[in-house]
Amino acid sequence: MYRGLSLSFLLCAVLLAPQQLGAQAFGSDPFARQGDTKARPLNIEIRSSLDFSRATATGANGGSIAIDPNSGMRTVSGSVVDLGGSPFAGSAVITGEPGRAIRIEMPSTIKLSSATGGSVEIVGLRTNLAAAPRLDIYGRLEFAFGGNLLIKGNVSGQFRGRIPITAEYE
């Protein structure tokens, strides 16, 4: 029996205040090291939610749907059939002190649930960021994120969850 999975997600950014992070400000030198205590607070804005779109599980074995953060392309595997729709990687913009190095953390696993009591997991969250991300000269950093949706068993419904994203100055 085919069971439809309508997968859409609400994302929540968790942003810590700079005082909690030990974030440090600097004067006119955007590449100055830590030492001052007047850092412009980091702010994160989710531009688009991570959306795996629509799929159908064709059996109890489950499967997975992967969204690549670089291309936004969806890959379906296992006993899951792609039903079309518009999947896309999530995107966010972080603003703060120009030129500052930052660290962005995302959880390794997110549990999503439906109103009918079913649940699925997102694992392997990843971004398209370079190894040492840094805010540009305008104090902005845009990035995309994706991951793998694991479907275990025969679940159905519209699944929602929150992905906490933490950003802090290095």
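Read on for an overview of the structure.

1. So, the overall build of the protein
At step 1: Counting secondary structure elements, the protein contains 1 helix and 13 strands.
At step 2: Going from the N terminus to the C terminus, the protein shows its helices and strands as β-α-β-β-β-β-β-β-β-β-β-β-β-β.
At step 3: Carbon and sulfur atoms make up 49% of the accessible area of the protein, which amounts to about 8,500 Å² in all.

2. Overview of the packing of aromatic side chains
At step 1: Applying the stated criterion to the full structure yields 1 aromatic pair.
At step 2: Seen from their ring centres, Phe143 and Phe145 are 6.2 Å apart, and the 50 degrees between their planes marks the pair as tilted.
At step 3: Note on Phe143: relative accessible area 3%, which makes it buried.
At step 4: Just above the ring of Tyr169 sits the side chain of Arg100; from NZ or CZ to the centre is 4.3 Å.

3. Looking at the environment of Leu125
At step 1: Within the secondary structure, Leu125 sits in strand β10 (residues 119-127).
At step 2: Here the alpha-carbon distance between Leu125 and Pro107, two residues 18 residues apart in the chain, equals 7.3 Å.
At step 3: Contact partners of Leu125, with chain neighbours within four places excluded, come to Leu50, Met106, Pro107, Ile110, Gly146, Gly147 and Ile163.

4. Overview of the pairing of strand β13 (residues 166-169)
Every other side chain in a regular strand lies on the same face of the sheet, so the side chains alternate between the two faces.
At step 1: Side chains Thr166 and Glu168 project from β13 onto one buried face, and the interleaved Ala167 and Tyr169 project onto a second face that is buried too.
At step 2: Bridge analysis of strand β8 (residues 102-105) against β13 gives 4 bridges, and the strand direction is antiparallel. Pairing of Glu105 across the sheet is with Thr166, part of β13.

5. With respect to the side chain of Ser64
At step 1: Within the element layout of this structure, Ser64 appears in strand β4 (residues 63-67).
At step 2: Residue Ser64 is classed as buried on the basis of its relative accessible area of 18%.
At step 3: A polar side-chain atom of Ser64 sits 2.7 Å from a polar atom in the side chain of Ser77.

6. What about unusual backbone geometry?
At step 1: Within the chain, Ser53 stands out as a residue other than glycine whose phi angle is a positive 65 degrees.
At step 2: Counting through the fold element by element, Ser53 comes out in strand β3 (residues 53-57).
At step 3: For Ser53, a relative accessible area of 7% puts it in the buried group.

Definitions and cut-offs
Residues numbered from 1 in each chain as written. Predicted model: local features only at pLDDT ≥ 70, side-chain atom pairs only at ≥ 80, totals over all residues. Heavy atoms only, no water. Helix = DSSP H or I, 4+ residues; strand = E, 2+ residues; numbered from the N terminus. Areas by Shrake-Rupley, 256 points an atom, 1.4 Å probe, with all protein chains shown as cover. Phe/Tyr/Trp six-rings, centres within 6.5 Å; stacked < 30°, edge-to-face > 60°. Buried < 20%, exposed > 50% of the residue type's maximum accessible area, 1.4 Å probe, protein only. Lys NZ or Arg CZ within 6 Å of the ring centre and 35° of its normal. Contact = heavy atoms within 4.5 Å. Pairing = 2+ DSSP bridges. Polar contact = N/O pair within 3.5 Å; in protein donor to acceptor, adjacent residues only side chain to side chain.

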